[in-house]
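Chain residues, written in single-letter form:
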Amino acid sequence: MAGYTLYGSEVSYFTGKARAYLRWRSVDFSEEQATQDVYRNIIMPNVGWPVIPVMKAPDGEIIQDTADIIAHVEAAEARTPPVRPETPLQRFVCELLHLYADEWLVIPAMHYRWTYNEDWAYGEFGALSAPDLSPDAQYELGKKNGARFKGALPVLGISQATIPGIEKSYEAFLAEFTAHLEQYPFVMGARPTLADFAFIGPLYAHLYRDPASGKLMKRLAPKVADWVERAHEGQRGDGTLPEGDTVPTTLRPILARQMREQLPSLQTINAMFADWVAQASPGERVPRALGDLEIDIEGHRETAKARSFQLWRLQAALDIYAGMDAETRERADALLDETGGEALKTFKLPARLKRENCRVVLA
Ligand SMILES: N[C@@H](CCC(=O)N[C@@H](CS)C(=O)NCC(=O)O)C(=O)O
């Protein structure tokens, strides 16, 4: 039987996440470059908008969104251990870190790529789209294709005003993750979980593989670079997650950073979502941006778009919290108190979201 096909690229954030997961899961898969032809013939007709990665399952089904790709393979292969921790507090933390890695660490990832690796990125984008062109022609094409991605900088709130905060935060994150890796080989413990693959998103393609960023990571945080190599290779780890559903205390500074930086944005986006829900109907597609908000990273502020997709990842975490028994809830609340995440205890989306035709819609 044919294996899975991953359409994506080395230069892509979310392809790295899916690739690392598929390697770890040891399934039969091959990766195909998302060339212009693949966008035209596979991605656009099946997904409806230009995005990578996209996966073709052995039965031909096309799946988009890395969380759906991972969920599909988990269900189809039914292997152990599952990618998500089996106990509730670890599962909750894993999902919070998933939200952080996918939707917030994109800020340093994009900053470092486009501030320090711009020309290199154009060459890479061109080589991906048209492998047969000359390097000069690839650069020109890459510049055209890359403009869409570079154009995301203001959407994310990356500007001269926030760059000092983004760099301060990223360097502190590297120190915090290093301190964690001195105790544990992977994010949740002694084996990889969804949180590792989510972190591979920002930390592989943009922050390790882009040359100037990789140099910085190897200089400031060689242990993080070593983890990137191990997690991206799909190493299995030879241990288990901590006993008794405990969460490594070394993750607290990282969760606290998430709560400080990302949670205020999530609250604002949720308020805008409530306004939108009031006039929307079930099945309606949620706009990618619900308005403008101000982000604050280490005291550096800028306007950014209120990206609605963050609520979709947040819903997955809140569902786990809502399903906790009293004893687990107490432990989760203690962790939220210690990390500045108190607001999550009462955080409610005004309506449920679901996925339909590769888009987030009102349930
Ligand atoms: N939430 C999606 C995000 C995928 C994504 O943003 N892919 C980037 C490249 S790494 C892309 O193609 N973006 C195009 C766009 O968002 O318009 C996932 O997890 O798969």
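Residues numbered from 1 in each chain as written. Predicted model: local features only at pLDDT ≥ 70, side-chain atom pairs only at ≥ 80, totals over all residues. Heavy atoms only, no water.

Peer 1: Residues and numbers for the layout of surface pockets, please.
Peer 2: What the largest pocket holds in volume is close to 1,500 Å³. Lining the largest pocket are 47 residues, and of these W49, V51, R148, F149 and R288 lie nearest its centre. What the second largest pocket holds in volume is close to 210 Å³. The biggest single contributor to the lining of the second largest pocket is helix α15 (residues 309–322), with five residues. (1 Å grid on protein atoms, 1.4 Å probe; cavity = no way out; pocket = protein on both sides within 12 Å on 5 of 7 lines; lining within 4 Å. Points joined across faces, edges and corners; volume = space filled by probe spheres on them. Helix = DSSP H or I, 4+ residues; strand = E, 2+ residues; numbered from the N terminus.)

Peer 1: Go over the nonpolar core, please, and point to the residues and values.
Peer 2: Ranked by size, the top nonpolar core spans 109 residues in total, and within it F92, L97, F173, F177, F199, L203 and W227 carry the most contacts. For this core, the leading source of residues is helix α10 (residues 194–209), giving eleven residues. Leave out the neighbours within four places in its chain, and L97 touches V187, M188, A195, F199, L251, I254, L255 and Q258. (Core = buried A, V, L, I, M, F, W, Y, C linked by side-chain atoms within 4.5 Å. Buried < 20%, exposed > 50% of the residue type's maximum accessible area, 1.4 Å probe, protein only. Contact = heavy atoms within 4.5 Å.)

Peer 1: So, empty space enclosed by the protein: which residues are in play, and what are the values?
Peer 2: Applying the stated criterion across every chain, the model contains three cavities of 30 Å³ or more. Taken together, Y100, W104, L105, I107, P108, I166, S169, Y170, F173, R257, E261 and I297 form the lining of the largest cavity. Elements supplying a minimum of two residues to the lining of the largest cavity: α5 (106–116), α9 (163–181) and α13 (252–261). The element that contributes the greatest number of residues to the lining of the largest cavity is α9, accounting for four residues. Class assignment for the residues of the lining of the largest cavity results in nine nonpolar, one polar and two charged. (Nonpolar A, V, L, I, M, F, W, Y, C, P; charged D, E, K, R; others polar.)

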